[in-house]
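Structure at a glance
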Amino acid sequence: MPSETTSPLATYNAHLEKGELAYQFSPAANRAVFFPRVLCPYTGSDRLEWRVSSGRGTVYATTIVHPAEGQPFNVALIDCDEGFRLMSRVEEVPPEQVKIGMRVKFRVHKPGGEEAPIPVFTPEAP
Amino acid sequence: MDGLKRGAAAIVGVAESDLGQVAEGLSPMDLVAQGTQRALADCGLTLKDVDGLFCAMTQQRMSINGMIEYLGIQPKFIGSSMTGGSSFEFHVAQAAAAIEAGLCNVAVIGYGSTQRSVGRRQASAREFNPYETPYNPFFPSSAYALAASRHMHQYGTTREQLAEVAVAARKWAQLNPVAWEKKPLTVEDVLKARMISHPLSVRDCCLVTDGGGAIVMTSAARAKSLKKAPAYVLGCGHGITHMNITSMPDLTVTGAKASGETAYKMANLGPKDCDMVQLYDAFTINTILFLEDLGFCPKGEGGAFVSGGNIAPGGGLPVNTNGGGLSYCHPGMYGLLILIEGVRQLRGECGARQVKKHDVAMVHGNGGVLSAQASVILGTAATL
């Protein structure tokens, strides 16, 4: 394997900076790979292609975190249409209204400062 | 485990360290030493006999070095696999293999934690994951809550059924003199308790206590001459499906399916042959998932299976007879304590909570966020 000049995380974050949700695709396995990495976990191949997701997906699992201080908030696992799963949250609806099976779409959240942008989701318009 | 011989090794000595809230300033390794001394006394061996050591901890990264330093012995064989709370079930399989291969003859597996005394944050380093940490999940609870949400969605499992697990554990704890929580508990109490990560309330979550202990293992040949009736290692198996909850292939099916199948095959036994189950109930959903995956009921029927007192004292299947991580003791990595309870039940030492038929115990450890599953089937001499 040649040395990496850019880390998988840096590539992922660069896409997010542009407003894109990127993931890797393994031609050897013919399936999506997430989280970004240097080896395909299904075949061991180091040939992983970067692709940009349509940003559409379905809520796979959901919870409402009740912090010791502050308001309860959502944490969810989202199955994107391209066949990869990621942790995120669904915004613009109260956390108890986030339901498994709900169709959602991606947008980028930029916390600012030193923190990297992250993907979040909102309900798809009905 | 493929290649491991059924009944070739046995657990011969077991002991808890001090539990609950230990004396101020006691270290995790003090608790390992307490457990070691008591477990050796339990079987009539001494430190001079010990030539194998196993340890894993959250508060000491190189815990096996610490254990050697503290006990002042030079073991011929060591192991320190760290899979989270199931580490000790892995250690049992490794110790059995080492004993069978002649690499050591008397192995001690130890654990200690002072997480209640020092605080959970001090006891366990937080790891940053750029794909999960920014969403502020409350780990490990939120990971188990996500699994519970999926099980409820797919199989109609209810919060009441989750609560039944906590209620059964509490009833067992009331029969255990050293259990931490013994106040009466109802399904309603669990539902109304402070929410941690929906659908799990604080009563769906394990205790935060200090504690630890040790077990002593040796060959079946040597086991016969010791003080107590040996608990033979009949079967071992493991299944690790992921590390982070996002990577778990199916949140309703755990590695316990693989670990159970492997252990049953080695033991030449099935779920119907098990007189009891001692499993790692860090959260109420664990008990439901593991009973399904270990074959005690079909997938999706765990909620109904645990209801109506079926796993409580007097029910159809004794589960977590010490009161579990939910009500007895949960010192960070609980997996060693379920081995201790399994052995004591097989010996018939459990007093008010003793189960009537006690020849075969399924002991099942869980580590990480439903990540590392390991099953150990223990049996009395009658099962050889």
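Coordinates for the structure precede this section.
One structure accompanies this document, and this report is about it. (Residues numbered from 1 in each chain as written. Chains lettered and ligands numbered in written order. Predicted model: local features only at pLDDT ≥ 70, side-chain atom pairs only at ≥ 80, totals over all residues. Heavy atoms only, no water.)

**Comments concerning the environment of Phe73(A)**
As for its position among the elements, Phe73(A) is in strand β5 (residues 73–80). Remark: the alpha-carbon pair of Phe73(A) and Leu21(A), spanning 52 residues in sequence, is separated by 22 Å. Once you skip the residues sitting within four places of it in the chain, Phe73(A) turns out to touch Thr63(A), Ile64(A), Val65(A), Pro67(A), Pro95(A), Tyr135(B) and Asn136(B). (Helix = DSSP H or I, 4+ residues; strand = E, 2+ residues; numbered from the N terminus. Contact = heavy atoms within 4.5 Å.)

**Digging into the interface of chain A and chain B**
Each side of the interface is counted separately: chain A has 25 residues, and chain B has 26 residues. By the criterion of area lost to chain B, the three top residues of chain A are Tyr60(A), Met87(A) and Ile100(A), representing 29% of everything that side buries. The interface formed by chain A and chain B holds zero salt bridges in total. Viewed at the interface, chain B and chain A are joined by nine residue pairs in polar contact (both at pLDDT 80 or more). Mapped by element, the contributors of at least two residues to the side of chain A that touches chain B are α1 (8–17), β4 (56–65), β5, β6 (85–88) and β8 (118–123) of chain A. Considering each element in turn, the side of chain A that touches chain B owes the most residues, six residues, to β4(A). Its residues placed into classes, the side of chain A that touches chain B shows 19 nonpolar, four polar and two charged. (Buried area = accessible area lost by both parts, 1.4 Å probe. Salt bridge = Lys/Arg side-chain N within 4 Å of Asp/Glu carboxyl O. Polar contact = N/O pair within 3.5 Å; in protein donor to acceptor, adjacent residues only side chain to side chain. Nonpolar A, V, L, I, M, F, W, Y, C, P; charged D, E, K, R; others polar.)

**A look at the pattern of salt bridges**
All chains considered together, the criterion is met by 26 salt bridges over all chains. Asp51(B) is the salt-bridge partner of Lys76(B), the closest N and O atoms lying 3.8 Å from each other. Of this pair, Lys76(B) sits in the loop between α2 (63–71) and β3 (77–79) while Asp51(B) sits in the loop between α1 (28–43) and β2 (52–55); the two residues are 25 residues apart in sequence, bridging distant segments of the chain. Judged by relative accessible area, Asp51(B) falls into the buried class, the value being 13%. It is possible to trace a salt-bridge network through shared partners that takes in Arg56(A), Asp81(A), Arg103(A) and Glu124(A). (Buried < 20%, exposed > 50% of the residue type's maximum accessible area, 1.4 Å probe, protein only.)

**What to know about the packing of aromatic side chains**
Residues and elements named next belong to chain A. Inspection of the entire model under this criterion finds twelve aromatic pairs over all chains. Relative to Phe34, the ring of Tyr12 has its centre 5.7 Å away and its plane inclined at 65 degrees; by these criteria the two rings are edge-to-face. Highlighted residues: Tyr12 in helix α1 and Phe34 in the loop between β2 (31–33) and β3 (49–52), separated in sequence by 22 residues. A residue is classified by how much of its surface remains accessible, and Tyr12, at 4% relative accessible area, is buried. Consider the rings of Tyr23 and Phe84, whose centres lie 4.7 Å apart with planes at 20 degrees: the pair is stacked. Here the residue Tyr23 occupies a position in strand β1 (residues 22–26), and Phe84 occupies one in the loop between β5 and β6, the gap between them amounting to 61 residues. Each member of the pair Tyr23 and Phe84 is classed as buried. (Phe/Tyr/Trp six-rings, centres within 6.5 Å; stacked < 30°, edge-to-face > 60°.)

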